[in-house]
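Reading the structure
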Amino acid sequence: MDKTTSAPASPRDGRQGRNPRGQGERLREDIIGAALRLLDELGDDQALSMRAVAREVGVAATSVYIHFADRDTLVLAALERFHRELVEAVDQAETGAADPAGKLRARVLLLGRWVQQHPGLYKVLHESTLNQRAAMSFKQELAERTTAAVQRCIDAGLTPADDAAVISLDLRAAVHGAVSMRVNQPDLPWPPLEEQVDRFLAKLVGLTPTPGCRPE
């Protein structure tokens, strides 16, 4: 994703030598960044090891355990940070659109493009065993913001009045289904993501694509 977050830019970008502090908030953030890079490579939280994270940062494994009691704690912290950065990036994507319809479209497209750039993190965030075992309440923020974006379209008279929460849930289900299938079945003859998103917005939200709103 273009300029969305620096965390998983590439598997080994940001690899550091031994941290001179060996502890503290700086090391904690380095550990989280390393975990994100590895999770994006692996696409599986169960395949991540604390020793691998320690090697990525350049510290002893005991230094990782000082900050995170176990793998699940580390993975949750990593996903929460990346999700926070994703929320900020989605909000930023809206600023280039002129009206609520364009803003909603920009929001959905950025989510789709993020998945295309980071399929491994998507799998861990939504399809991992940890996702099935642990509450990730932080994910609700993105859902609530999508609902608010749909409500703005309704308030502006751009789509028929309806329950914004129900529409938002349908839209998110469609988008997640589409991107999950693209990740897991990449060889299917997929249409451009923009075209698919426009169909979702038309059929589920009632929006007509604005002329000239297509990305370059």
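Please read these numbers as outputs of a predicted model, since none were measured by experiment.

**Remarks on the overall build of the protein**
Counting secondary structure elements, the protein contains ten helices and zero strands. The order of α-helices and β-strands along the protein, N terminus first, is α-α-α-α-α-α-α-α-α-α. Looking at the 216 residues of the protein, the share that counts as buried comes to 46%.

**Regarding the packing of helix H4 (residues 71–94) against helix H6 (residues 119–127)**
At a minimum axis separation of 11 Å, H4 and H6 run at an interaxial angle of 115°. Viewed along their axes, H4 and H6 adopt a mutual orientation that is roughly perpendicular. In terms of crossing hand, the pair formed by H4 and H6 is left-handed. The residues of H6 that touch H4, namely those facing Val75, Leu79, Phe82 and His83, are Leu121, Val124 and Leu125. Residue composition of the contact of H4 with H6, grouped by class: six nonpolar, one polar and no charged.

**Looking at the packing of aromatic side chains**
This structure, assessed with the given rule, holds one aromatic pair. Ring geometry for phenylalanine 82 and tryptophan 114: centres 5.3 Å apart, planes at 35°, overall tilted. Of this pair, phenylalanine 82 sits in helix H4 while tryptophan 114 sits in helix H5 (residues 100–117), and the two are 32 residues apart along the sequence.

**Remarks on helix H2 (residues 50–57)**
Of all eight residues in H2, six are buried, a share of seventy percent or more. Listed as buried for H2 are Met50, Ala52, Val53, Ala54, Glu56 and Val57. Residues of H2 that are buried in the fold lie against helix H1 (25–42), helix H3 (61–67) and H4. Two residues or fewer after H2 comes glycine 58, characterised by a positive phi angle close to 95°.

**With respect to H4**
End to end, H4 covers 35 Å across 24 residues, agreeing with the expected 34 Å (1.5 Å per residue, within 8%). Capping the start of H4, aspartate 70 holds a side-chain oxygen 3.4 Å from the backbone nitrogen of aspartate 72, two or three residues further along.

**Thoughts on the environment of glutamate 41**
Tracing the chain through its elements places glutamate 41 in helix H1. Accessibility expressed as a relative area gives 40% for glutamate 41, which makes it partly exposed. Residues glutamate 41 and proline 119, spaced 78 residues apart in sequence, show a C-alpha to C-alpha distance of 8.8 Å.

**Here we look at the pattern of salt bridges**
Under the definition given, this model contains 14 salt bridges. We note a salt bridge from glutamate 29 to arginine 28, for which the minimum N-O separation is 3.7 Å. On the basis of relative accessibility, which here comes to 27%, the residue arginine 28 falls in the partly exposed class. Residues glutamate 94 and arginine 107 are paired through a salt bridge, measuring 2.8 Å at the closest nitrogen-oxygen approach. Residue glutamate 94 is located in helix H4, and its partner arginine 107 is located in helix H5; the two are separated by 13 residues in the primary sequence. For the pair shown, glutamate 94 and arginine 107 are each scored as buried. Salt bridges linked by common partners bring Asp91, Glu94, Arg107, Glu141, Arg145 and Arg152 together as one network.

**Some points on the environment of methionine 181**
Turning to its location among the elements, methionine 181 is positioned in helix H9 (residues 164–184). A relative accessible area of 38% means that methionine 181 is categorised as partly exposed. What methionine 181 contacts, discounting residues up to four positions off in sequence, is Pro186, Leu188 and Trp190.

Criteria and thresholds
Residues numbered from 1 in each chain as written. Predicted model: local features only at pLDDT ≥ 70, side-chain atom pairs only at ≥ 80, totals over all residues. Heavy atoms only, no water. Helix = DSSP H or I, 4+ residues; strand = E, 2+ residues; numbered from the N terminus. Buried < 20%, exposed > 50% of the residue type's maximum accessible area, 1.4 Å probe, protein only. Axes fitted to C-alpha atoms, helices over the stretch in contact; angles between N-to-C directions. Parallel < 35°, antiparallel > 145°, perpendicular 65-115°, else oblique. Left-handed = near helix turned anticlockwise from the far one by under 90°. Contact = heavy atoms within 4.5 Å. Nonpolar A, V, L, I, M, F, W, Y, C, P; charged D, E, K, R; others polar. Phe/Tyr/Trp six-rings, centres within 6.5 Å; stacked < 30°, edge-to-face > 60°. Expected span 1.5 Å × (residues − 1). Polar contact = N/O pair within 3.5 Å; in protein donor to acceptor, adjacent residues only side chain to side chain. Salt bridge = Lys/Arg side-chain N within 4 Å of Asp/Glu carboxyl O.

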